[in-house]
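Here is how the chains run, residue by residue.
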2 protein chains.
Amino acid sequence: MSRTLIRDLSHHPDESVTVCGWIQALRLQRRIQFVIVRDHTGLVQVTHVRDGGVVEAAFEGATVESAVRITGKVVANDKVKLSGLEIVPERVEIVAAAEAPLPIDEHTNLDQRLDWRFLDLRRPSQQLVFQVQTTVERAMREIAEAEGFTELHTPKLMATASESGAEVFEVGYFDRTAYLAQSPQFYKQMAIAGGIDRVFEIGPVFRAEPSFTARHSTEFTGVDLELAWIDSVEDVMAVEERLLHHVLIEVHRRHGVEIEEHFGVTAAVPELPFPRITMADALTRLRAAGWDPEGGKDDLDPEGERALSALIAAETGHEFVFVTRYPASARPFYHLRPDDDPSVTESFDLLWKGVEITTGAQREHRHEVLVAQAREKGMALEPLRGYLDCFRYGTPPHGGLGLGLARLLMLLLGLPSIRETTFLFRGPHRLEP
Amino acid sequence: MSRTLIRDLSHHPDESVTVCGWIQALRLQRRIQFVIVRDHTGLVQVTHVRDGGVVEAAFEGATVESAVRITGKVVANDKVKLSGLEIVPERVEIVAAAEAPLPIDEHTNLDQRLDWRFLDLRRPSQQLVFQVQTTVERAMREIAEAEGFTELHTPKLMATASESGAEVFEVGYFDRTAYLAQSPQFYKQMAIAGGIDRVFEIGPVFRAEPSFTARHSTEFTGVDLELAWIDSVEDVMAVEERLLHHVLIEVHRRHGVEIEEHFGVTAAVPELPFPRITMADALTRLRAAGWDPEGGKDDLDPEGERALSALIAAETGHEFVFVTRYPASARPFYHLRPDDDPSVTESFDLLWKGVEITTGAQREHRHEVLVAQAREKGMALEPLRGYLDCFRYGTPPHGGLGLGLARLLMLLLGLPSIRETTFLFRGPHRLEP
């Protein structure tokens, strides 16, 4: 049976079509039955004058959110708000009836809505979130393709805890223990050591953090890039700028109007380049503005991130800012340290509207320097052997970044939490649905 | 510094360029030093007449697989096999020296090569595997986009073991136990219940199977599709045909020559439609040919799969075959059973060259039927409650499939094992590198 999507009804005036969707609302009056049907492309009114027939009976027993297939004639009607069209039904099939009442409605709090996520997802604004996500990933891959990246899938099961060993999930693996990857970091670098010039991955990342903020989850989708033969960390920042610039152009082009309509925000396209500020300068300027009065912090806390973004926005009008040259003490052992100042790293965070969405760096590719830096951090070398071996046979200079997809979507759509931009959120207290 | 890729050297005759790559071979003769340099796009000969200078010294101390950056003039030389070009070096930088000897060479067995996967990956044939993988995924997404699929990332952490409970990895999750998803099956269906019309995902799948065949791993990349509002399982098979057809066209177009060169196989484009055979017919025909002489099997074993593919290929010349209508006893409770024969399911496997690459089905979307089928299989309903609840509020007919990416690549490239088409293979005895 040929299905017509609701957004395409205007191409079929006076024709008989079949639409498939859900009953959004029923208004069963004495003489006329009005039924609003929704599919993933829009809403349409179905108008049936009571005649004692099977259509009348089908609607009379129907419930909201039932899945229906309706065949009828597309009729122009200026009085109808939904594109001035309605369907006069000839055949109505309740394909799958919904129980009544529904367990959630528009007043239900977020946590309960997450319990019934599939019903919550039926809201057009939630449908839009994942349409935008699809566009975001497509735009990223367009840049990845144009710039010669190879798509890889790194393992999520590791033999050793990837970095600190804290915040890592343990997995029973036959007669031993495996760990869930907290990032594809080491594996991306292994690919670079393996001669893959540029690596691109979108995949799950696991963090056993007991965090309950709007920005944290125990499993999220990470976008990871790694580039060989860079001249400096600037090459990594530049590729991220091009990536986000293209993403925001595409989102604006495809969904700008709907985003404005559903979320009341404009998907603006940023200018290039994004502002850059060193961590030392950022700290100085934030302290001058009253942040960290005790002066003990060498990294930005969330309040510092918000203050810095506000400061840069006021100065430049830009929503993004790269914070560079993080102190070596605040970064992992494998971040490259510049020759002119070994107390800092060739690293960066990218803040958007006061929230960190990316951490990136040039990596240290010289085996002896890596070993020295690991020792300096007090790390045991034996668990790192597999990683360190990758630097014994000619690994070129390289760098990369990781970006959280749900955070990007949260900021793009002006939503308060990544719980609403994740298909099925996972937190310390939430493993279901 | 501007880098020229080796494949682009022919565009720069008599110019000075910089190439970045690895030393593939050194031939240090009395008068002349010949060095073959490799990047991810090709090989080039660097020819240096000894002159007692710094270039001579750099090459004299160099080791194979060191990462090098070489600046020099592109010169035509008919005697050189590599595209008739060579580079006369002006400046040589050993960016990262490789230790000698290398731990693997071309005679090393597969298992040891996997220990040093990053070195194994530097072989041009292995680079090609992941370039082809990138093309395969891109082509799949082109079809997904054209046909209105939404890209989703389903959780890999689950509160209950997804299907049988066997072959599932357990994860310590704060004060409870989580499980790694054996497939995105339930979540894809939840998205359909959530009104997402068509779902597409490429992501990791985990199987705690103690299998050591060339076709099994404990973590692999799955391609998953799910479609709402289907008329029958035929709609699912048809979308897979279009997907694979487009994939093979694109692979042939972009990599056909190289695949032939490195693997000696032709990436042929199949005709549509693929042959279809019911399981009952397949069993009858295989038994007539001597398979399963005891007559106890109701499903194909690997030998049966190979025999069936051979039989279909002999008859139709086709490398693919859909086997349909698997017995209900051999399929999970959620597969739809046709009205005319409840002993079978509206399901299929797709075999390619004798190997199963896909399992798919129309799913049962009627809550009461699902409950009855789960009971019939002797399943406890309580662990299924979250899943079953998705069918209480109007879930339309739907179906989908899962496809293993590494198997597809193995068959496409004529390789003997998915260990060679997986970036970092994971098996019961292999968690490293």
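Residues numbered from 1 in each chain as written. Chains lettered and ligands numbered in written order. Predicted model: local features only at pLDDT ≥ 70, side-chain atom pairs only at ≥ 80, totals over all residues. Heavy atoms only, no water.

Draft legend 1. Seen up close, helix α5 (residues 185-193) of chain B. Within α5 of chain B, nine of the nine residues are buried, which leaves the element mostly enclosed by the surrounding structure. By the burial criterion, the buried members of α5 of chain B are Q185, F186, Y187, K188, Q189, M190, A191, I192 and A193 of chain B. (Buried < 20%, exposed > 50% of the residue type's maximum accessible area, 1.4 Å probe, protein only. Helix = DSSP H or I, 4+ residues; strand = E, 2+ residues; numbered from the N terminus.)

Draft legend 2. View of helix α4 (residues 124-146) of chain B. Residue and element names in this part refer to chain B. Taking 1.5 Å of rise per residue, 23 residues should cover 33 Å, and α4 covers 33 Å from first to last C-alpha, within 8% of that figure. Counting buried residues along α4, 18 of its 23 residues qualify, which places the element largely inside the surrounding structure. Phi turns positive one or two residues past the end of α4, at G148, with a value near 80°. (Expected span 1.5 Å × (residues − 1).)

Draft legend 3. Broad picture of the packing of aromatic side chains. Within this structure, the stated rule accounts for 34 aromatic pairs over all chains. Measuring from ring centre to ring centre gives 5.0 Å for Y173 of chain B and F174 of chain B, while their planes differ by 85°; the resulting arrangement is edge-to-face. Taking relative accessible area as the criterion, F174 of chain B reaches 34% and is therefore assigned partly exposed. Aromatic ring contacts, followed pair by pair, group F186, F333, Y334, Y387 and F391 of chain A into a single cluster. Between R331 of chain A and the ring centre of Y326 of chain A, over which it is positioned, the NZ or CZ distance is 3.8 Å. (Phe/Tyr/Trp six-rings, centres within 6.5 Å; stacked < 30°, edge-to-face > 60°. Lys NZ or Arg CZ within 6 Å of the ring centre and 35° of its normal.)

Draft legend 4. Just the pattern of salt bridges, in detail. Per the stated rule, a full pass over the model turns up 78 salt bridges over all chains. R392 of chain B is the salt-bridge partner of E99 of chain A, the closest N and O atoms lying 2.8 Å from each other. Taken as a pair, E99 of chain A in the loop between β5 (85-96) and α2 (110-115) and R392 of chain B in the loop between α10 (385-389) and β16 (398-404) lie in two separate chains rather than in one. Judged by relative accessible area, which is 34%, E99 of chain A ranks as partly exposed. Overall, the relative accessible area of 21% leaves R392 of chain B in the partly exposed class. R198 of chain B is the partner of E147 of chain B in a salt bridge, and the nearest nitrogen-oxygen pair spans 3.7 Å. Taken together, the residues span a long stretch of sequence, with E147 of chain B in the loop between α4 and β6 (150-151) and R198 of chain B in strand β10 (residues 198-206) at a distance of 51 residues. (Salt bridge = Lys/Arg side-chain N within 4 Å of Asp/Glu carboxyl O.)

Draft legend 5. Representation of the UniProt feature "binding site: ATP" (unreviewed entry) in chain A within the structure. Mapped onto this numbering, the UniProt entry gives "binding site: ATP" (unreviewed entry) at R207, A208, E209, E356, G404, L405, A406 and R407 of chain A. Of note, E209 of chain A is situated in the loop between β10 (198-206) and β11 (219-228). Owing to a relative accessible area of 16%, E209 of chain A belongs among the buried residues under this scheme. Beyond its immediate stretch of four places on either side in the chain, E209 of chain A contacts E167, H216, T218 and P428 of chain A together with F174 of chain B. Summarising the element assignment, E356 of chain A is placed in strand β15 (residues 355-363). Under the relative-accessibility criterion, E356 of chain A is labelled partly exposed at 23%. (UniProt positions renumbered as here; feature names shortened; annotations may be inferred. Contact = heavy atoms within 4.5 Å.)

Draft legend 6. Up close: the domain arrangement of chain A. Residue and element names in this part refer to chain A. As far as domains go, chain A holds domain 1 (6-96) and domain 2 (117-420). The C-alpha-based centres of domain 1 and domain 2 are spaced at 47 Å. Facing four residues of domain 1, the contacting portion of domain 2 comprises four residues. When domain 1 packs against domain 2, close to 360 Å² is buried across both sides, 47% of that on carbon and sulfur atoms. (Domains from an automatic or database assignment. Buried area = accessible area lost by both parts, 1.4 Å probe.)

Draft legend 7. Just the interface of chain B and chain A, in detail. Contacts between chain B and chain A engage 94 residues on the former and 94 residues on the latter. Counting each side, the surface lost to burial between chain B and chain A is near 7,800 Å², with a carbon and sulfur contribution of 61%. Three residues, W229, Y393 and L431 of chain B, lead the burial of chain B against chain A; their summed loss comes to 12% of the area buried on that side. Where chain B touches chain A, the interface holds 10 salt bridges.

Draft legend 8. Representation of the relation of the copies chain B and chain A. You can overlay chain B on chain A at an RMSD of 0.1 Å; the transform is a turn of 180° with a shift of 0.0 Å along its axis. With respect to symmetry, the two chain copies, as superposed, fit the operation of a two-fold axis. Closest approach to the rotation axis among the C-alpha atoms of chain B is made by V171 of chain B, whose C-alpha sits 2.2 Å away. Both copies contact each other with a shared surface, as 100% of the interface residues of chain B are interface residues in chain A too. (Least-squares fit on C-alpha atoms with pLDDT ≥ 70 in both.)

Draft legend 9. Summary view of the sheet that holds strand β3 (residues 42-49) of chain A. The strand order around the closed barrel built from five strands is β1-β2-β3-β5-β4 (chain A), with neighbouring strands paired in mixed fashion. Between one strand axis and the next, the sheet turns through 50° on average, direction left out of account. (Pairing = 2+ DSSP bridges. Axes fitted to C-alpha atoms, helices over the stretch in contact; angles between N-to-C directions.)

Draft legend 10. Structural view of the environment of R30 of chain A. Residues and elements named next belong to chain A. Checked against the element boundaries, R30 lands in the loop between β1 (16-28) and β2 (32-39). Here R30 falls in the exposed class, since its relative accessible area comes to 75%. Placed 44 residues apart in sequence, R30 and V74 show a C-alpha to C-alpha distance of 23 Å.

Draft legend 11. The sheet that holds strand β13 (residues 320-324) of chain B, seen in detail. Residue and element names in this part refer to chain B. Sheet architecture is open: eight strands sit in the order β6-β10-β11-β16-β15-β14-β13-β12, paired in mixed fashion. Whereas interior strands pair on both sides, the edge strands pair on one side only; in this sheet they are β6 and β12 (276-278). Both β12 and β13 contribute to a ladder of three bridges, which runs parallel. Bridge assignment links T278 to a residue of β13, and that residue is T324. Of the strands in this sheet, β11 (219-228), β12, β13, β14 (347-352), β15 (355-363) and β16 are in contact with helix α6 (residues 233-263), which crosses β14 at around 20°. Taken strand by strand, helix α7 (residues 279-288) contacts β12 and β13, and its axis lies near 85° from that of β12.

Draft legend 12. Representation of the side chain of E346 of chain B within the structure. Here E346 of chain B is to be found in the loop between β13 and β14. In contact with E346 of chain B, not counting residues within four places along its chain, are V233, R325, L336, P338, A361 and Q362 of chain B.

Draft legend 13. Main features of the packing of helix α4 (residues 124-146) of chain A against helix α6 (residues 233-263) of chain A. All names here are of chain A. Here α4 crosses α6 at 165°, and the two axes come no closer than 8 Å. Here α4 lies roughly antiparallel to α6, going by the angle between them. Handedness of the α4/α6 crossing: right-handed. Tallied by class, residues from the contact of α4 with α6 come to 13 nonpolar, six polar and six charged. (Parallel < 35°, antiparallel > 145°, perpendicular 65-115°, else oblique. Left-handed = near helix turned anticlockwise from the far one by under 90°. Nonpolar A, V, L, I, M, F, W, Y, C, P; charged D, E, K, R; others polar.)

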